[in-house]
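For reference, the chains in residue letters:
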Amino acid sequence: MRLDSIHAQGFRSLQDVTLSDCGELNVLIGKNNSGKSNLLSAVRFFFDFFNPAGEVVSVSPAIFRETDWNRQSNDKVVTFDVNLSLNEQEIAHLKEDIASEAAQLRNALFTSTDETGVSITLTFDGREDPIGYVSRIAFLSGKSNGNAIFSMGEDSASEIALNVRRLNQAREEIEALNIVMEGIREEEFQMAKDLGVAYSLRGRRNSLSGAQLRALDQTIKNSSSADEFYQICRSKVSQLTAVMESVERAEITKPVNIFSGESTTVPNYVTALVSRISNLRVHHLSEQRNPIGPAEAAKILRLKTSRGHGAVLNGIQSVVSTLLGVQIDAFSSDEAPRRGMQPVAELDVDDFLVQVNGSGVREALRLILDYEFEKPQVLLVEEPEVHLHPALETALMQYLRNVSQKCQVFLTTHSTNFLDVGALKNVYMVAKAPETSVRLLDMPEAEEVIPQELGIRLSSLFMYDRLVFIEGPSDEQILRIFAETLNVSLARASVGFVTTGGARNFTHFATSSTLSFLGKRNVKTTFILDRDERTGEDLEKMRGQISGLSELVVLSMREMENYLIDARTLARYLAIRTDGAVQVTQEQVQERIDAACQDLRNVAIERRALKEICSPIYPRRENVIKRDSGEDFLAAAEAELDAVIFSVQKLRDELAETLESAGRAVESQWDSSKVSLIPGDEILKHVFSSYGISFNKRKDSIRIATIMSREEIPSEMAGVVRGLVT
């Protein structure tokens, strides 16, 4: 038996949400407060409804107690429609149960082989006296929901709920009477009569409510002796037992629908199915987990000291050692146990108490030991990556993948590592705008469309609303720092970054298949490129390649570091970098910047010339392949090589002219744009060197960006950053 789908209506943020096509390992991703935890809670509340007694109605169900503490918004109805797949033996067992109550239907039941499971609808009504009930059970077939085998309306459920409350009240009264008869000895009768039942039971097991105590006080006051009191109590127990038997035999006036028609009682095959579902072991590790400690230590200690359980203990220790690289053991505490209590057990991790180990190890142990001890058939885990190192995240995800071969796993996560271990089939995007929605992501298609050599993590395709392709990791850091300074929340806008390794890889990343795939999934994309030596023709070609698929932002300055060249900022940073040894004014730094630009003028000219000189020239393969039918292969290949040689020779002959042309182009822009024409890291290196300091592009660039004020960030860069969240 396993869960195939759940459709929740009216539960917290799940107003009309379906989690469908569930597999062995199901991963729910999405922003904070999107409804991921609510989905796991819906699964838990569904299974929590079922009980070994097979009751189809629950009075005051936990779903309302845990959802609304103050009963301020319980005037609503929550429904869970769940499809459970059953194996052949389970389906045969259910059919046999039905046939035992409706023998005339045996042939019809067992000639059909389309059934794959059951569809069950639970209804939780928070109006007036809250109840929960099984409103429908139907066979699932390969084509659609099959015949209903049970259905019950609100009127029938309310009538059954009334009987359940009467039974519960009778049981509670019987329990109270038994407690008093066992707890108050004959010689204590007068004291109980004078001082009250509660006083007489002090220090003993006492679970009686105030109302029960008041009723018992009245009974004992009306009794002339202990024997009379005990006789009154026994008489009440007999009366209550008779009431319970009468209620249990009573038929309801509002019939329920069963497989063969209508019935004034709930059929045994329904109670048997409810009971079997309750036997499904479901374990929920919520976000707020109990700390690991004595309870787990006691379980390990019992395995350690119980005959025949050594192999189980060794297996658990082996799993922990393999995943976490630590050894666990348990011992009795040296502290003397409290009176009537068992000795306290202590859990050791690598010979230290578990409490002094890191939170990552404790959280991982919490999950591993819970599974190994409980062996659930359905495991619900909220954010298993909390406090974990990335390497441990990957190890734990692999563990859950292995666990899912024996146990159906549902987990929520914010970690991209949990999506990038590969071969995931059931990944769901949970979003809230304003109500929660769920979408099954097509991971196999993503793996096929997105080439691995692009270096784009599959999680990036689904965890973000916008992907920004930048040339280097320092570019991402600078943009993030600028965004923080400008109070622009990239996280809230779900902006992620992909490093391309340079503009030369633009074509590699900007494939139409990749961008179309992202676009269909409402993931916006933006390419941010350095200006470098690109011409207008280069830019038009790039824009044409991604037209209608993505956005291209080309910086007006040569590269990201050029936007860090602000004299006021650099004056402060030089003092910070040298611990106050270099104290210069904004004007002095500006002079050094101007001097650096003058010294590097030839660098700008040479880079402009190299754009022409070093453009790739290569033989055109298609010209050889598509040569005339009568043309020889060798002749066609030689012609292409000759064309390359000719082009290279032409470049060589025109070197001086190319350099002069580059010089004229630089001179025409020099006075107004000199800082934009030279690579920014070269200018910064020159300025720092003039003060006897080395410049580290990766480290210093990020630190300079960090101390820039909002006013010091160039307006163009501020516009780029703000554009990422629109």
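Since the model is a prediction, treat every value here as computed from it, not as a measurement.

A. Region of interest: the nonpolar core. Formed by 65 residues in total, the largest nonpolar core has its most connected members in Phe-46, Phe-80, Leu-84, Ile-120, Ile-137 and Met-152. Broken down by element, this core gets its largest block of residues, eight residues, from helix α1 (residues 36-49). Look past the residues within four positions of Phe-46 in its chain and what remains in contact with it is Phe-80, Val-82, Leu-84, Ile-120 and Leu-122. Counting 58 residues, the second-largest nonpolar core is a separate cluster that includes Ile-481, Ile-593, Ile-693 and Ile-704.

B. Up close: a negative patch on the surface. On the surface, a cluster of negative charge is made up of Asp-628, Glu-631, Asp-632, Glu-638 and Asp-642. Within the secondary structure, Glu-631 sits in the loop between α24 (621-625) and α25 (633-653).

C. Looking closely at the sheet that holds strand β22 (residues 551-554). Strand order in the open sheet made by the four strands is β20-β19-β21-β22, with parallel pairing throughout. Of all strands in the sheet, those with a lone pairing partner are β20 (495-499) and β22, marking the two edges. If you compare each strand with its neighbour and ignore which way they point, the axes differ by 25° on average. Of the strand pairs in this sheet, strand β19 (residues 466-470) and strand β21 (residues 524-529) are connected by four bridges, and their pairing is parallel. Note that in β21 the partner of Phe-469 across the bridge is Phe-527.

D. Geometry of the pattern of salt bridges. Applying the stated criterion across every chain, the model contains 26 salt bridges. Here Arg-466 makes a salt bridge to Glu-551, at a shortest N to O gap of 3.5 Å. Remark: Glu-551 occurs in strand β22 and Arg-466 occurs in strand β19; sequence separation between them is 85 residues. Overall, Arg-466 belongs to the buried group, its relative accessible area being 6%. Among the salt bridges present, the one from Arg-568 reaches Glu-712, with a minimum N-O distance of 2.9 Å. Linking Arg-568 in helix α21 (residues 567-577) with Glu-712 in the loop between α28 (697-707) and α29 (715-723), this pair joins segments that are 144 residues apart in sequence. On the basis of relative accessibility, which here comes to 40%, the residue Arg-568 falls in the partly exposed class. Taking the relative accessible area as the measure of exposure, Glu-712 reaches 6% and is therefore buried. When salt bridges with common partners are traced through the structure, they connect Arg-185, Glu-187 and Glu-188 into a single cluster.

E. Molecular detail of a nonpolar patch on the surface. On the surface, a cluster of nonpolar side chains totalling about 300 Å² of accessible area is made up of Phe-352, Leu-353 and Val-356. Positionally, Phe-352 belongs in strand β14 (residues 352-353).

F. Inspection of the packing of aromatic side chains at higher detail. All told, the structure shown has 14 aromatic pairs when counted by the stated rule. Aromatic side chains Phe-49 and Phe-124 sit 6.1 Å apart centroid to centroid with 85° between the ring planes, which places their arrangement in the edge-to-face category. Residue Phe-49 is found in helix α1, and its partner Phe-124 is found in strand β6 (residues 115-125); the two are separated by 75 residues along the sequence. Phe-124 sits in the buried class, given a relative accessible area of 2%. Considering the side-chain rings of Phe-506 and Phe-527, the 5.1 Å spacing of their centres and the 65° angle between planes classify their relative orientation as edge-to-face. With Phe-506 in helix α18 (residues 506-509) and Phe-527 in strand β21, this pair connects stretches of sequence that are 21 residues apart.

G. Expanded view of the packing of helix α23 (residues 601-613) against helix α26 (residues 655-677). Following both chains from N to C, one finds α23 and α26 inclined at 130°, their axes separated by 8 Å at the closest point. When the axis of α23 is compared with that of α26, the two are oblique. α23 and α26 meet at a crossing whose hand is right-handed. Residues Arg-601, Ala-604, Ile-605, Arg-608, Ala-609, Glu-612 and Ile-613 of α23 lie in contact with α26, whose contacting residues are Leu-655, Thr-658, Leu-659, Ala-662, Gly-663, Ala-665, Val-666, Glu-667, Gln-669, Trp-670 and Leu-677. Among the residues making up the contact of α23 with α26, the classes are represented as eleven nonpolar, three polar and four charged.

H. Representation of the pairing of β22 within the structure. Alignment of β21 against β22, held across four bridges, turns out to be parallel. Paired with Ile-528 across the two strands is Val-553, which belongs to β22.

The rules we used
- Residues numbered from 1 in each chain as written.
- Predicted model: local features only at pLDDT ≥ 70, side-chain atom pairs only at ≥ 80, totals over all residues.
- Heavy atoms only, no water.
- Core = buried A, V, L, I, M, F, W, Y, C linked by side-chain atoms within 4.5 Å.
- Buried < 20%, exposed > 50% of the residue type's maximum accessible area, 1.4 Å probe, protein only.
- Helix = DSSP H or I, 4+ residues; strand = E, 2+ residues; numbered from the N terminus.
- Contact = heavy atoms within 4.5 Å.
- Patch = residues over 30% accessible without salt bridge, like charges linked within 9 Å, V, L, I, M, F, W, Y side chains within 5 Å.
- Areas by Shrake-Rupley, 256 points an atom, 1.4 Å probe, with all protein chains shown as cover.
- Salt bridge = Lys/Arg side-chain N within 4 Å of Asp/Glu carboxyl O.
- Lys, Arg positive; Asp, Glu negative; His and termini not counted.
- Charge placed at Lys NZ, Arg CZ, Asp CG, Glu CD.
- Pairing = 2+ DSSP bridges.
- Axes fitted to C-alpha atoms, helices over the stretch in contact; angles between N-to-C directions.
- Phe/Tyr/Trp six-rings, centres within 6.5 Å; stacked < 30°, edge-to-face > 60°.
- Parallel < 35°, antiparallel > 145°, perpendicular 65-115°, else oblique.
- Left-handed = near helix turned anticlockwise from the far one by under 90°.
- Nonpolar A, V, L, I, M, F, W, Y, C, P; charged D, E, K, R; others polar.

Just geometry here; none of it tells us what the structure is for.
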